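These are the residues of each chain, in order.
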2 protein chains.
Amino acid sequence: MIELTTIIDGKALAGEVEAETLERAKKLANKAIVPGLATVLVGENPASQMYIRLKHSACSRAGIRSENVLLPESSTEEEIIAKIEELNLREDINGILLQLPLPGGLNPQRAMMSILPEKDVDGFHPRNMGALLLGAERLVPCTPLGIIYALERLDKKLEGTEVVIVGHSNVVGKPLAAMMLNRNATVQVCHVFTRDLAEHTRDADILVVAAGVPGLIKKEMVRPGAYIFDVGINRVGDKTVGDVDYEEVSQIAGAITPVPGGVGPLTVAMLLRQTLNATEDQTKDQQ
Amino acid sequence: MIELTTIIDGKALAGEVEAETLERAKKLANKAIVPGLATVLVGENPASQMYIRLKHSACSRAGIRSENVLLPESSTEEEIIAKIEELNLREDINGILLQLPLPGGLNPQRAMMSILPEKDVDGFHPRNMGALLLGAERLVPCTPLGIIYALERLDKKLEGTEVVIVGHSNVVGKPLAAMMLNRNATVQVCHVFTRDLAEHTRDADILVVAAGVPGLIKKEMVRPGAYIFDVGINRVGDKTVGDVDYEEVSQIAGAITPVPGGVGPLTVAMLLRQTLNATEDQTKDQQ
């Protein structure tokens, strides 16, 4: 019997989330509520500019009004925070996103903390991260949420499942580990200091790779039938590739996300979803 | 060559922490500052009464003024919160601890959140948990902190080390996992839903067990030379035993905590330490 590999089509799933978000936005429109997202972009990093464009065009498809606040490269931490505090006060802005990374030298920590937790649609505020760790998830980081969303759509059971995460960042690895534990998965987190990576990855029913190392995960490091989520986005020559050797690993995986077109679109879709959640929460009295 | 097992003497380590805390308290006394801890006990749970007594007597040895607020079993959530808010305002109280569990039916979540994060010496506030997850540890849960303290005292390297945690509670498993990742250990978290526990525990250089199941961990589940922390406190007949079969496992472990006298005293010691940290932070201007 030949088991076929499921290609996890992030773009298609994102399209469905956009349609669902648009429906929710229409219901709010009946009460004269329009969900609003503000992005804050500091400087002129081309990759950041591209991500901002992607997010705004997704918003326009999903019934979310969005605006970008562009601050000059030379902005100080205080200037960024002052702008965020303005957005915190605006009733027509339900979600605020500070595009990272900030220009060299600026520490994003204080600026991120100045976002009102209720409007923190990226889920990075310590208040939201703490609720996440304690199992009372509210607004959470979008990449881990997108992965869990896809697994739910694939009807993959999480309880008792062996999940291995490669990478222990604040944005993906650590919050995803906590979210998987909240769902009673068994969790392993590996990273650049791990002694024998393959020893761990071979245990995985679900393998999530967010290491930023092109082609790190080879076929012999993966259990046949495993579900693979590749969070890596690496430029190699003129190609964009992930952290997983897709050609090799897709031959034995049970399911796998391509790069591009996998985890990326799912992440943006979750931003839309959380902006709707935040809007509904903030306008409860009006509904 | 015979490798001897180190018995991790939690009581002795706690005694050293108490002495060190007393020194720090004496320095504050020169500026007329006395660290103050308030415990809040609701009802008459005998185990809770015992823990409260242990904490207050440790305070008295460590130069911390402590008081207990006793609330009746019949207290409402609102009454508990009102009392905590009184303590939040008092300048002579630097740390506040709500003894858990609360009497049946009362959800501790809201009451714990009403403790000022700066006075949350148990480290359970979402704000402090979030900082922990993000790697900016401030006040953190005392049991994980005690384990990390003991490992530091034993000069055990954490970076790249295989840490296996059994139990995924909000109080021990999840925060300890994040703290170990912050120190670049490779981390596995298992629990009651894990399919093959021994498969995981045998990987451990450091094994932390917080499952509440007497004698869960047998010799054949442990790698020879591993460091074992037993968080379990179980009553079996008239004896208090941990989650590790001490007699068997202590024969092959590199180091092991006894029960009682291991993790318990370390946990109380970290409460003292964090009360001093909180006091110093709150009185910076006076120093």
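If you look chain A up in an unreviewed UniProt entry, it shows as Bifunctional protein FolD from Methanothrix soehngenii. Heading Function (unreviewed entry) of the UniProt record for chain A holds this comment: "Catalyzes the oxidation of 5,10-methylenetetrahydrofolate to 5,10-methenyltetrahydrofolate and then the hydrolysis of 5,10-methenyltetrahydrofolate to 10-formyltetrahydrofolate." The UniProt entry for chain A carries this comment under Sequence similarities (unreviewed entry): "Belongs to the tetrahydrofolate dehydrogenase/cyclohydrolase family."

Further remarks concern the overall build of chain A. A tally of helices and strands in chain A yields 10 helices and 11 strands. Reported as C-alpha extents along the three principal axes, the dimensions of chain A are approximately 55 × 45 × 40 Å. Here chain A, with 287 residues, has 55% of them falling under the buried criterion. A fraction of 70% describes how many contacts in chain A between residues 6 or more apart in sequence connect residues 24 or more apart. Split by element, the accessible area of chain A, about 12300 Å² in all, is 53% carbon and sulfur.

Our next topic: the sheet that holds strand 2 (residues 36-42) of chain B. Residues and elements named next belong to chain B. Taken in spatial order, the three strands line up as 3-2-4 in an open sheet, and their pairing is parallel. With partners counted over all chains shown, the strands left at the sheet margins are strand 3 (65-71) and strand 4 (95-98), one partner each. Geometrically, the sheet is characterised by an average inter-axis angle of 20° between neighbouring strands, direction not taken into account.

Once that is clear, we can look at the packing of aromatic side chains. According to the stated counting rule, one finds zero aromatic pairs over all chains in the structure shown. It is B:Lys156 that lies over the ring of B:Tyr227; its NZ or CZ is 4.1 Å from the centre.

Looking now at the sheet that holds strand 4 (residues 95-98) of chain A. Residues and elements named next belong to chain A. In space, the three strands of this open sheet follow the order 3-2-4, with parallel pairing throughout. Of all strands in the sheet, those bounded by a partner on one side alone are strand 3 (65-71) and strand 4. Pairs of neighbouring strands in the sheet enclose a mean axial angle of 20°, with direction left out of account. In this sheet, strand 3 lies alongside strand 2 (residues 36-42) in parallel orientation, the contact comprising seven bridges. Looking across to strand 3, one finds that alanine 38 is bridged to glutamate 67.

This part covers the relation of the copies chain A and chain B. Structural alignment of chain A on chain B gives an RMSD of 0.0 Å, achieved by rotating through 180° and translating 0.0 Å along the axis. Classification of the inter-copy transformation places it as that of a two-fold axis. Among all C-alpha atoms of chain A, that of A:Gly130 lies closest to the rotation axis, at 1.8 Å. Of all interface residues in chain A, 100% are interface residues in chain B too; the two copies therefore contact each other through one and the same surface.

Right, let's talk about the UniProt feature "domain: Tetrahydrofolate dehydrogenase/cyclohydrolase catalytic" (unreviewed entry) in chain A for a bit. The feature "domain: Tetrahydrofolate dehydrogenase/cyclohydrolase catalytic" (unreviewed entry), as annotated in UniProt, sits at residues 8-122 of chain A in this numbering. Overall, residues 8-122 of chain A shows 49% helix and 16% strand. The separation of its end C-alpha atoms is 23 Å.

A few words on the environment of B:Gly242. Residues and elements named next belong to chain B. Mapped onto the secondary structure, glycine 242 falls in the loop between strand 10 (239-241) and helix 9 (246-249). Residue glycine 242 is classed as buried on the basis of its relative accessible area, which comes to 4%. Every residue in contact with glycine 242, bar those within four places of it in the chain, is listed here: Val213, Pro214, Gly215, Asp230, Gly232, Asn234 and Val259.

Moving on, we come to the UniProt feature "domain: Tetrahydrofolate dehydrogenase/cyclohydrolase NAD(P)-binding" (unreviewed entry) in chain A. In this structure's numbering, the residues bearing the UniProt feature "domain: Tetrahydrofolate dehydrogenase/cyclohydrolase NAD(P)-binding" (unreviewed entry) are residues 141-282 of chain A. Span residues 141-282 of chain A is 36% helix and 18% strand, its end C-alpha atoms 19 Å apart.

A few words now on the pattern of salt bridges. Taken as a whole and assessed by the stated rule, the structure comprises 32 salt bridges over all chains. Salt-bridge contacts for A:Arg61 lead to A:Glu18; the nearest nitrogen and oxygen are separated by 2.8 Å. Residue A:Arg61 is located in helix 2 (residues 46-61), and its partner A:Glu18 is located in helix 1 (residues 10-29); the two are separated by 43 residues in the primary sequence. Between A:Asp205 and B:Arg195 there is a salt bridge, and its shortest N-O distance comes to 2.9 Å. With A:Asp205 in the loop between helix 8 (197-201) and strand 7 (206-209) and B:Arg195 in the loop between strand 6 (186-190) and helix 8 (197-201), the pair connects residues from two separate chains. Judged by its relative accessible area of 14%, A:Asp205 falls in the buried class.

This part is about the packing of helix 6 (residues 142-153) of chain B against helix 10 (residues 263-282) of chain B. All names here are of chain B. At their nearest, the axes of helix 6 and helix 10 sit 8 Å apart, and the two run at 100° to each other. As the angle between them shows, helix 6 and helix 10 are arranged roughly perpendicular. From helix 6, Cys142, Thr143, Leu145, Gly146, Tyr149 and Ala150 reach across to helix 10, where they touch Val263, Leu266, Thr267, Met270, Leu271, Arg273 and Gln274.

At the interface, 36 residues of chain A touch 36 residues of chain B. Among the residues of chain A in contact with chain B, A:Leu133, A:Leu134 and A:Lys174 are the three that bury the most area, contributing 22% of the side total. Between chain A and chain B we count two salt bridges in total. Between the two partners, chain A and chain B, sit 18 residue pairs in polar contact (both at pLDDT 80 or more). Those elements that place two or more of their residues in the side of chain A that touches chain B are helix 4 (108-114), helix 5 (126-133), helix 7 (173-182) and strand 6 (186-190) of chain A. Residue contributions to the side of chain A that touches chain B peak at seven residues, all from helix 5 of chain A. Grouping the amino acids of the side of chain A that touches chain B by side-chain chemistry returns 15 nonpolar, 14 polar and seven charged. Relative to strand 6 of chain B, strand 6 of chain A runs antiparallel, the two sharing three bridges. Along strand 6 of chain B, the bridge assignment pairs A:Gln188 with B:Gln188.

Okay, unusual backbone geometry next. Following A:Leu100, the chain continues into A:Pro101 via a peptide bond in cis, with omega recorded as -5°. With respect to the helices and strands, A:Pro101 occurs in the loop between strand 4 and helix 4. Phi at B:Ala32 takes a positive value of approximately 60°, unusual for a residue other than glycine. Tracing the backbone through its elements, the reader meets B:Ala32 in the loop between helix 1 (10-29) and strand 2. We classify B:Ala32 as exposed; its relative accessible area is 70%. For B:Asp155, which is not glycine, the phi torsion reads 55° and is therefore positive. By the element assignment, B:Asp155 lies in the loop between helix 6 and strand 5 (162-166).

What counts, and where the lines are drawn
Residues numbered from 1 in each chain as written. Chains lettered and ligands numbered in written order. Predicted model: local features only at pLDDT ≥ 70, side-chain atom pairs only at ≥ 80, totals over all residues. Heavy atoms only, no water. UniProt positions renumbered as here; feature names shortened; annotations may be inferred. Helix = DSSP H or I, 4+ residues; strand = E, 2+ residues; numbered from the N terminus. Buried < 20%, exposed > 50% of the residue type's maximum accessible area, 1.4 Å probe, protein only. Contact = heavy atoms within 4.5 Å. Areas by Shrake-Rupley, 256 points an atom, 1.4 Å probe, with all protein chains shown as cover. Pairing = 2+ DSSP bridges. Axes fitted to C-alpha atoms, helices over the stretch in contact; angles between N-to-C directions. Phe/Tyr/Trp six-rings, centres within 6.5 Å; stacked < 30°, edge-to-face > 60°. Lys NZ or Arg CZ within 6 Å of the ring centre and 35° of its normal. Least-squares fit on C-alpha atoms with pLDDT ≥ 70 in both. Salt bridge = Lys/Arg side-chain N within 4 Å of Asp/Glu carboxyl O. Parallel < 35°, antiparallel > 145°, perpendicular 65-115°, else oblique. Buried area = accessible area lost by both parts, 1.4 Å probe. Polar contact = N/O pair within 3.5 Å; in protein donor to acceptor, adjacent residues only side chain to side chain. Nonpolar A, V, L, I, M, F, W, Y, C, P; charged D, E, K, R; others polar.

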